[in-house]
Amino acid sequence: MLRTVDDVKNQLKSFVDGLTGTPEKMADKKYQMDKKVGTLKYTDLYPHDRNGAVVTETMLKQLTDVLIDFVHETNDRKCKVLDFQHPEEMKKLLDLDIPEEGLPLQTLIDDCALTLKYQVRTGHPHFFNQLSCGLDLVSMAGEWLTATANTNMFTYEIAPVFILMESVVLAKMREIIGWNGGDSILAPGGSISNLYAFLAARHHMFPNYKEKGQAALGAQLVMFTSDQCHYSVKSCAAVCGLGTDNCVEVPSDEQGRMIVSELERLVKERKAKGQIPFFVNCTSGTTVLGAFDPINPIADICQKYNMWLHIDAAWGGGLLLSKKYRHPRFSGVERADSVTWNPHKLMGTLLQCSTIHFKLDGLLLSCNQMSADYLFMQDKLYDIKYDTGDKVIQCGRHNDIFKLWLQFRAKGLNGFEAHMDHLMEMAEYLVERIRTEKDKFHLILEPECVNVSFWYIPKRLRTMPHNQNRIAELAKICPILKARMMEAGTMMVGYQPDDKRPNFFRSIFSSAAVQKDDVDFMLNEMDRLGQDL
Ligand code: ABU
């Protein structure tokens, strides 16, 4: 008889349950290797022991069991998100000491299991705490392969397949942005991606800076960004010698979007002082509110005053993949000179995976090239344009591409689009639920992204008028309720103040694991833990 997909899944589930036991049992499971192997040491593994095949395989298979159990627990709603311990208590529960003599293999396996026992399950469907969360299994498989291949990404010579993958994936991302050609690179995080944009912009305007330093400038450079931007933009000004006073914060509106008339006013103000406004950072998806600065009007100002337009879409970039949500958020994105886009956020690629894209080809290389003789020889047997390492300010570069390439292969563009739409739908569902339970929750603003900002209202404050006094009380609730969540271990939702209001909750939908019943769980659990506050 032809079986349905569900039949097959159920049969597999019974098989897996039979193998690993219930999730509750997993938490206490002992990962006992054969005694003879467990007492052996690293010297009995490859490469120390040329005949180490059996011991190596036994240990790695045991480790795989530990990892797969963590994956099961992460996806099991009956399991907790975390087992919170204060640092002093945690130190007692772990054995963190560095020994004089190496420890046996069984101890290493026990160390691995204990590490994951106390690790926060950031892929759990009840983890709403961070912009990067979820546990995409294809991407994880990619990361396992990456770790096994263990290569550096500076030259084609030692990473031929990965370098070609990088070229194909980054070209596709530029095409999605709306450019023909251009150049890109993977960087260690969105902050460094933004730094690359700054360096390229300065190099483009002052090509002599690389050799002459400050002397090439003539006047004070000034950059502009909204007061809601990621702090790394300000950090560029500190790191690159502008000074944070020359990173001008442009006021934002109630939604957290840059006020473009203020941008122009501030640009004129600095020009009148004889300074050189040269760089505008436009945020597509602010960290707290998920706001999108209006690209087209900002691009007009950049054009008028000859400034570089950088879009920090580290957070919101994934929505470029959705026909439904791309506009109006990204209307005009193709006018940018550079775009930061972090697949490890909305796209769920495993940490870390951050990209920076440039409209102009050649800029990255001319800006950053140092031509180290021992890596980037000009007389190699292959086309040296594939030695991408000379385009970056670091030397060693982690392979962050394979897990993203594999994810693109698994999902295709359509799968990623469905993924983005699902995340947005979960945020919309939370907004709808908050609206229907307005005695218990107060929505702060209509979100543009998957950040939903709200207050929880305990019983005693439910009949109080919503004014500054009540807001002050609601703000005090946030850290207490967050502490209760963590102690209960059942879920995590972040809170923070911003410049317009005191503490409030910010729930993030960045994990493909989250379904509507998880959103219901979040609200019910907040009420269970907080109604007496
Ligand atoms: N790069 C900002 C990440 C902050 C967050 O996950 O909440």
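None of the values given here were measured: they were computed from a predicted structure. (Residues numbered from 1 in each chain as written. Predicted model: local features only at pLDDT ≥ 70, side-chain atom pairs only at ≥ 80, totals over all residues. Heavy atoms only, no water.)

### Details of the packing of helix H12 (residues 260-272) against helix H13 (residues 295-305)
Next, step 1: At a minimum axis separation of 9 Å, H12 and H13 run at an interaxial angle of 20°. Here H13 runs roughly parallel to H12, going by the angle between their axes. Here H12 and H13 pass one another in a crossing that is right-handed. Across the interface between the two elements, Val260, Leu263, Glu264, Val267, Lys268 and Lys271 from H12 touch Pro297, Ile298, Ile301, Lys304 and Tyr305 from H13.
Next, step 2: The residue inventory of the contact of H12 with H13, partitioned by class, reads seven nonpolar, no polar and four charged. (Axes fitted to C-alpha atoms, helices over the stretch in contact; angles between N-to-C directions. Helix = DSSP H or I, 4+ residues; strand = E, 2+ residues; numbered from the N terminus. Parallel < 35°, antiparallel > 145°, perpendicular 65-115°, else oblique. Left-handed = near helix turned anticlockwise from the far one by under 90°. Contact = heavy atoms within 4.5 Å. Nonpolar A, V, L, I, M, F, W, Y, C, P; charged D, E, K, R; others polar.)

### Let's talk about the site of the ligand
Next, step 1: Lining the immediate environment of the ligand, one finds Gln130, Leu131, His230, Thr287, Lys345 and Arg506.
Next, step 2: Lys345 is positioned such that a nitrogen or oxygen atom in its side chain is 3.3 Å from a nitrogen atom of the ligand.
Next, step 3: Between Arg506 and the ligand, the recorded distance is 2.8 Å, taken from a side-chain N or O atom to an oxygen atom.
Next, step 4: Coverage of the ligand by the protein chains reaches 72% of its 250 Å² of free accessible surface.
Next, step 5: Of the residues that constitute the shell around the ligand, the class distribution is one nonpolar, three polar and two charged. (Near = heavy atom within 4 Å. Polar contact = N/O pair within 3.5 Å; in protein donor to acceptor, adjacent residues only side chain to side chain. Areas by Shrake-Rupley, 256 points an atom, 1.4 Å probe, with all protein chains shown as cover.)

### Some details on the sheet that holds strand E7 (residues 338-341)
Next, step 1: If you walk across this open sheet you meet the seven strands as E2-E8-E7-E6-E5-E3-E4, and the pairing is mixed. Edge strands, defined here as strands with exactly one partner in the open sheet, are strand E2 (183-187) and strand E4 (247-250). Going from strand to strand, the sheet's axes swing by 20° on average, the running direction of each strand aside.
Next, step 2: One ladder, built from four bridges, connects strand E6 (residues 308-313) with E7; its direction is parallel. Following the sheet pairing, Ile311 is matched in E7 by Val339.
Next, step 3: The strands touched by helix H9 (residues 190-205) are E2, strand E3 (221-226), strand E5 (276-283), E6, E7 and strand E8 (354-358); relative to E8, the strand with the most contacts, the crossing angle is about 20°. (Pairing = 2+ DSSP bridges.)

### A short note on the nonpolar core
Next, step 1: One finds Phe224 and Phe509 to be the most contacted residues of the largest nonpolar core, which totals 95 residues.
Next, step 2: Broken down by element, the residue count for this core peaks at 13 residues, all from helix H16 (residues 402-436).
Next, step 3: Viewed by domain, this core spans two of them, domain 2 (184-370) and domain 3 (410-530), each represented by three or more residues.
Next, step 4: For Phe509, the contacting residues outside a window of four places in its chain are Phe128, Leu346, Leu423, Met426, Ala427, Leu430, Val450, Val452, Val514, Val519 and Met522.
Next, step 5: With 30 residues, the next largest nonpolar core counts Tyr196, Cys247, Phe279 and Val392 among its residues. (Core = buried A, V, L, I, M, F, W, Y, C linked by side-chain atoms within 4.5 Å. Buried < 20%, exposed > 50% of the residue type's maximum accessible area, 1.4 Å probe, protein only. Domains from an automatic or database assignment.)

### Remarks on the domain arrangement of the protein chain
Next, step 1: Along its sequence, the protein chain is carved into domain 1 (15-111), domain 2 (184-370) and domain 3 (410-530).
Next, step 2: A separation of 44 Å is found between the C-alpha centroids of domain 1 and domain 2.

### Considering the packing of H16 against helix H18 (residues 516-530)
Describing two packed helices takes the angle between their axes plus the distance from one axis to the other.
Next, step 1: Relative orientation of the contacting elements H16 and H18 amounts to 40°, with a least axis distance of 10 Å. Between H16 and H18, the angle is such that the two are oblique. Regarding H16 and H18, the two cross each other, and that crossing is right-handed. On the side of H16, the interface is formed by Met426, Tyr429, Leu430, Arg433 and Ile434, while H18 contributes Lys516, Val519, Asp520, Met522 and Leu523.
Next, step 2: Residues of the contact of H16 with H18, tallied by class, amount to seven nonpolar, no polar and three charged.

### Thoughts on unusual backbone geometry
Across the chain, the bulk of peptide bonds are trans and the bulk of non-glycine residues have phi less than zero.
Next, step 1: Omega for the bond connecting Tyr46 with Pro47 falls within 30 degrees of zero, at -5°, which places this linkage in the cis form.
Next, step 2: Here Pro47 shows up in the loop between helix H3 (35-38) and helix H4 (53-74).
Next, step 3: Backbone torsion omega between Leu351 and Gln352 reads -10°, so that peptide bond is classified as cis.
Next, step 4: With respect to the helices and strands, Gln352 occurs in the loop between E7 and E8.
Next, step 5: The phi angle at Asn306 is positive, at roughly 55°, despite the residue not being glycine.

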